[in-house]
Structures are given as structure tokens and as C-alpha cells.
Amino acid sequence: ERALLWDAGHPPPTERGPALAEMSMVEFAFETWAGELAAEPDILHRPDVAADMDDRLRLLLMGQLVQAAIRPGTSFSRLDTDLDWATGLLQLVESDSDGLAAILGIMGGGMRSALEALQRGDQPAGLAEAPPGERRRVAQTAKLALKSLGMLERMAC
């Protein structure tokens, strides 16, 4: 939650060096977390981890990650990681949770736009320049995430 608050108050840098522009605080938190727990690929499904996040937080984090994935200057590796985390979070969101309709009303359009850009393969440059097989894989993942998001929107509203 603190990483989300930090990112909300500190928009992504636009004219700084690539190292600083590479990650948002949410991305940094997930990267650190993944590094500590890399031996466990299904970390989001662990009961102790799942208990620390409600569905609203999962959806907010997912939104932040897909927005970060299409930020100008994002490398293919970074966007691939962001999309993996985002889809993992989306899979855990249940449609009957309180407050989802409000979050989807605020962030749903931005999440859809970001996923559509990833599906088209034209944003960011790191994706547009990736090998065709990698672009197809990202497009397929984004397409599935769009379908899941659409179903969640219909069920939550």
C-alpha cells in the first residue's frame, strides 16, 4: 500500500536517466519481493501472502503494473515481468468483493487501454522491437487479461 501511495505522489520520471526511469516503487517492491522468494513461483497463492492483500489492493496493484508496463522507456524484460505479476494478481481477484466496482470505474479504462496497447504490440518501444515470438506471447497474455478484466467488470458492476 505504501508503494502505491508513493507512486501516486511521484509520477514517473520523464527526463532522468534510464536507471531511475526503469521502475516505479510498486515495481521495485515486487522485484525485491520476487528476488527474496524466487524459489516459489506461486507466491501469490501462499495463504500468508494472500492474507496480506485484499481484492481491492490486488486490483490497484494490477492497474499500476500494467500502466508501468507501457511507460515510455520500459524495457521488454521489465514489461514482461510487470505483465506476469499483473495477470497473477488479476487471477486472484474475486468478483464479489466489496469496492471492486468503484476501483474498476476509476481505473478500468486505463487498465484496458494499457492491455490493448500490449496486445497490439506497439507500446513501449521495448515491445515493438522484441522478437516476433515474444510479441505474440505478450499479445496473447494481454488478450487473456483483457477478457478476465472484462468478465470481472461485468460481474462486479
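The structure displayed is predicted, hence computed values, not measured ones.

Visitor: Which parts of the structure should I look at to understand unusual backbone geometry?
Guide: It is generally the case that most residues other than glycine have a negative phi and that most peptide bonds are trans. The omega torsion of the bond from Q123 to P124 falls at -15°, within 30 degrees of zero and hence cis. Tracing the backbone through its elements, the reader meets P124 in the loop between helix 7 (100-120) and helix 8 (125-128).

Visitor: What should I look at first to understand the packing of helix 5 (residues 55-69) against helix 6 (residues 76-92) in this one?
Guide: When two helices pack together, their arrangement is given by the angle between the helix axes and by the axis-to-axis distance. It is at 8 Å that the axes of helix 5 and helix 6 come closest, and there the two elements cross at 155°. On the basis of the axis angle, helix 5 is roughly antiparallel to helix 6. When the axes of helix 5 and helix 6 are compared, the crossing they make is left-handed. Along its contact with helix 5, which presents D55, R58, L59, L61, M62, L65, V66, A68 and A69, the element helix 6 presents L79, D82, W85, A86, L89, L90 and L92. The residue inventory of the contact of helix 5 with helix 6, partitioned by class, reads 13 nonpolar, no polar and three charged.

Visitor: I keep staring at the side chain of D82 and nothing clicks. Help me out?
Guide: The topology assignment puts D82 in helix 6. Judged by relative accessible area, D82 falls into the buried class, the value being 1%. In contact with D82, other than residues within four places in its own chain, are E27, L65, A68 and A69.

Visitor: What am I meant to see in the pattern of salt bridges here?
Guide: Under the definition given, this model contains seven salt bridges. Residue D80 is joined to R137 by a salt bridge in which the shortest nitrogen-to-oxygen separation is 2.9 Å. Taken together, the residues span a long stretch of sequence, with D80 in helix 6 and R137 in helix 9 (residues 132-156) at a distance of 57 residues. A relative accessible area of 16% places D80 in the buried class. Residue R112 pairs with E153 through a salt bridge whose shortest N-O separation is 2.2 Å.

Visitor: Is there a simple way to explain the environment of A68 in this structure?
Guide: You can see A68 is positioned in helix 5. Separated by 10 residues in the primary sequence, A68 and R78 place their C-alpha atoms 8.9 Å from one another. Excluding its chain neighbours within four sequence positions, the residues that come into contact with A68 are E27, T74 and D82.

Cut-off values and rules
- Residues numbered from 1 in each chain as written.
- Predicted model: local features only at pLDDT ≥ 70, side-chain atom pairs only at ≥ 80, totals over all residues.
- Heavy atoms only, no water.
- Helix = DSSP H or I, 4+ residues; strand = E, 2+ residues; numbered from the N terminus.
- Axes fitted to C-alpha atoms, helices over the stretch in contact; angles between N-to-C directions.
- Parallel < 35°, antiparallel > 145°, perpendicular 65-115°, else oblique.
- Left-handed = near helix turned anticlockwise from the far one by under 90°.
- Contact = heavy atoms within 4.5 Å.
- Nonpolar A, V, L, I, M, F, W, Y, C, P; charged D, E, K, R; others polar.
- Buried < 20%, exposed > 50% of the residue type's maximum accessible area, 1.4 Å probe, protein only.
- Salt bridge = Lys/Arg side-chain N within 4 Å of Asp/Glu carboxyl O.

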